[in-house]
Amino acid sequence: MRYIDDFVTSYNKSAVRRFHMPGHKGRPVTGCEAFDITEISGADYLFEPQGIIKKSEEQMSQVYGSAATLYSTEGSSLCIKTMLGIIKMKKQSLRVLAGRNCHKAFIDGCALLDADVSWIYPEKASCSVCSSFITAEDIRRGLECGSFDCVYLTSPDYLGFMADIRACADVCREYGVPLLVDNAHGAYLRFTERDLHPLSLGASMCCDSAHKTLPCLTGTAMLHIAAGHEELGYDAKRIMSMFGSTSPSYLLLRSLDIVSDMLACGGLTDRIKDAERAVKKTRDRIGALGFETVGSEPLKITIRPSCCGLSGKELAQELRCRGIECEYSDREYLVLMPSAMTEQDEFEQLVSALDGIPKKAAAEPGPMPVLSPCERAVSIREAAFSPCEDVSPDEALGRICARSISGCQPAVPVAVCGEIINKDCVSVLKAYAIDRISVMKNNRPKGEQI
Ligand SMILES: Cc1ncc(COP(=O)(O)O)c(C=O)c1O
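Residues numbered from 1 in each chain as written. Predicted model: local features only at pLDDT ≥ 70, side-chain atom pairs only at ≥ 80, totals over all residues. Heavy atoms only, no water.

Within the chain, the secondary structure is distributed over 15 helices and 13 strands. Against the compact-globule benchmark of 22 Å for 450 residues, the chain has a radius of gyration of 23 Å, which places it among compact chains. Considering only C-alpha atoms, the chain reaches an extent of 70 × 55 × 45 Å along its principal axes. Restricting to contacts in the chain with at least 6 residues of sequence separation, those with at least 24 account for 70%. Summed over its atoms, the accessible surface of the chain is roughly 19100 Å², and 51% of this surface lies on carbon and sulfur atoms. Charge separation in the chain, taken as the distance between the mean sites of 51 positive and 59 negative side-chain charges, equals 2 Å. (Helix = DSSP H or I, 4+ residues; strand = E, 2+ residues; numbered from the N terminus. Rg over C-alpha atoms; globule rule 2.2 N^0.38 Å. Contact = heavy atoms within 4.5 Å. Areas by Shrake-Rupley, 256 points an atom, 1.4 Å probe, with all protein chains shown as cover. Lys, Arg positive; Asp, Glu negative; His and termini not counted. Charge placed at Lys NZ, Arg CZ, Asp CG, Glu CD.)

This is the structure:
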């Protein structure tokens with residue numbers, strides 16, 4: 001069923017004069033204005049839904065098998081802060097054991113809510129700042145060392161690597177700690193051949209960016225509360241409203257509503273399975289051309305092109321010249337994100353473009369420097385709200401980071417506020433060509449005058 005779409009469409013067709021916001025009055029400026037309404041009578045309220053939004057969210061909740069699903073028109077970034085807020089309200093404290101490959105929104109949420117974070121650095125060396133292979137054993141080791149209100153993981157990561165959420169959830173359950181998953185890249189994982197959605201694998205809460213992998217408009221996301229964890233949902237809307245705008249976009253709500261109908265009817269879920277098969281085939285064909293592919297996320301194609309003598313950035317430029325734009329590239333990797341909406345001929349075009357790229361002698365790009373734990377000097381919150389100054393990576397050595405630095409596109413912080421920037425961190429900053437870092441103003445290495 002389409003609840004929000006039906007309302008907006010019939011309002012649009014009616015002769016009602018719009019003496020309400022927005023100022024465009026439904027008249028075309030960019031072209032989408034007719035559907036862009038506000039919380040008028042009958043349109044429901046996002047943070048206190050009783051009507052069409054409630055019904056649409058309930059439909060989405062049924063699709064995902066959740067206890068509750070909340071729409072966000074401000075991305076997973078809003079859902080991440082909400083998940084942390086829910087834990088803080090329930091436990092009256094926020095001690096988080098978190099995988100280090102988190103998105104910047106997590107750090108922002110921690111700063112706002114004054115979280116105390118212990119990082120999980122994986123036993124096995126990470127392949128990139130964007131990616132870390134966190135295992136159930138890494139979590140167990142972390143939980144053995146302290147007392148925590150929740151565990152927070154990011155999976156899938158930007159490169160398409162996935163944690164074993166079932167095993168991680170089992171460990172969390174053993175220790176009686178809720179597992180929160182940033183599943184921003186995996187909204188579609190419920191509908192793949194094997195259901196790989198974090199909620200189905202035992203997570204207590206997760207966020208999905210609908211816009212990243214489903215045919216939804218940018219900014220749409222969902223916060224899911226797992227069945228069996230209903231108590232986490234009671235104040236979820238109230239908490240979300242503390243971080244969210246009081247003007248949710250109905251363009252985005254309508255987009256979520258239409259996609260919830262498409263998922264409920266099954267047409268889109270079939271297309272996701274078709275896309276999964278097409279991606280698998282394409283990955284095999286890319287491998288046969290001599291390119292190495294990595295990662296296990298069903299709808300991502302991550303190429304490590306060093307075996308063909310190319311960096312990720314060079315490969316991105318070669319593809320760009322052939323009419324293909326990728327999601328992300330760096331020195332080592334190139335990430336392509338097809339979806340259920342990618343047509344078969346586009347996969348063909350990708351393979352033939354890769355086939356036409358001249359290969360050079362294999363050259364290892366040289367290992368990317370890996371982050372090592374930095375010592376914490378002050379809380380994330382104290383550093384985030386402190387006066388700061390911008391310095392070069394070399395000047396930042398030994399200083400306290402004041403703003404999460406995520407110069408590299410996936411917004412995974414290389415340095416986290418409140419931590420003393422160490423040598424490895426400086427090497428990673430340089431490797432990502434980040435040349436300015438915010439450090440706390442009133443903190444200088446020992447011996448230096450203030
Ligand atoms: C892993 C991860 N988490 C969270 C986010 C934030 O999602 P959104 O852009 O929907 O707010 C992103 C965005 O790129 C992301 O890559």
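Further remarks concern the sheet that holds strand β7 (residues 221-226). The sheet built from seven strands is open, its strands ordered β1-β7-β6-β5-β4-β2-β3 with mixed pairing. In this open sheet, the two edge strands, each paired with only one partner strand, are β1 (66-72) and β3 (116-120). Strand-to-strand twist across the sheet, computed as the mean angle between neighbouring axes with direction ignored, equals 20°. Pairing between strand β4 (residues 150-154) and strand β5 (residues 179-182): four bridges, direction parallel. Paired with Tyr152 across the two strands is Leu180, which belongs to β5. (Pairing = 2+ DSSP bridges. Axes fitted to C-alpha atoms, helices over the stretch in contact; angles between N-to-C directions.)

We now examine the pattern of salt bridges. Working definition: two side chains of opposite charge can pair if their charged atoms are close together. Following the criterion strictly, the structure yields 24 salt bridges and no others. The salt bridge involving Arg304 is made with Glu292; its shortest N-O contact spans 3.2 Å. Of the two residues, Arg304 is situated in strand β9 (residues 301-304) and Glu292 in strand β8 (residues 292-294); the sequence distance between them amounts to twelve residues. Residue class for Glu292 comes out partly exposed when judged on its relative accessible area of 31%. With a closest N to O distance of 2.9 Å, Glu297 and Lys300 form a salt bridge. Judged by relative accessible area, Glu297 falls into the buried class, the value being 1%. Taking the relative accessible area as the measure of exposure, Lys300 reaches 2% and is therefore buried. Linked through salt bridges whose partners overlap, the residues forming this network are Arg2, Asp5, Arg254 and Asp261. (Salt bridge = Lys/Arg side-chain N within 4 Å of Asp/Glu carboxyl O. Buried < 20%, exposed > 50% of the residue type's maximum accessible area, 1.4 Å probe, protein only.)

Turning our attention to helix α10 (residues 267-288). Its 22 residues give α10 an end-to-end C-alpha distance of 32 Å, which sits within 8% of 32 Å, the value for a rise of 1.5 Å per residue. Looking only at α10, the buried set comprises Leu268, Thr269, Ile272, Ala275, Glu276, Ala278, Val279, Thr282, Arg283 and Ile286. Packing partners of the buried residues in α10 comprise α9 (250-265), β8, β9 and α12 (344-355). Just beyond α10, the residue with positive phi is Gly290, at close to 105°. (Expected span 1.5 Å × (residues − 1).)

It is worth spelling out the domain arrangement of the chain at this point. Examined at the domain level, the chain breaks down into domain 1 (4-265), domain 2 (269-355) and domain 3 (380-440). In this structure, domain 1 and domain 3 have C-alpha centres spaced 27 Å apart. Contacts between the two partners involve 17 residues from domain 1 and, on the opposite side, 18 residues from domain 3. Between domain 1 and domain 3, roughly 1500 Å² of surface is buried when both sides are summed, and carbon and sulfur atoms account for 64% of that area. At the junction of domain 1 with domain 3, the criterion picks out zero salt bridges. If you list the elements that add at least two residues to the side of domain 1 that touches domain 3, you get α4 (104-113) and β3. Top contributing element to the side of domain 1 that touches domain 3 by residue count: α4, with six residues. (Domains from an automatic or database assignment. Buried area = accessible area lost by both parts, 1.4 Å probe.)

We now examine the sheet that holds strand β11 (residues 334-336). Taken together, the four strands give an open sheet; going across it, the order is β8-β9-β11-β10, and neighbouring strands pair in antiparallel fashion. Pairing within the sheet leaves two strands with one partner each, and these edge strands are β8 and β10 (328-329). Both β10 and β11 contribute to a ladder of two bridges, which runs antiparallel. The residue of β11 that forms the bridge with Tyr328 is Val335. Of the strands in this sheet, β8 and β9 touch α10, which is tilted by about 10° from β9.

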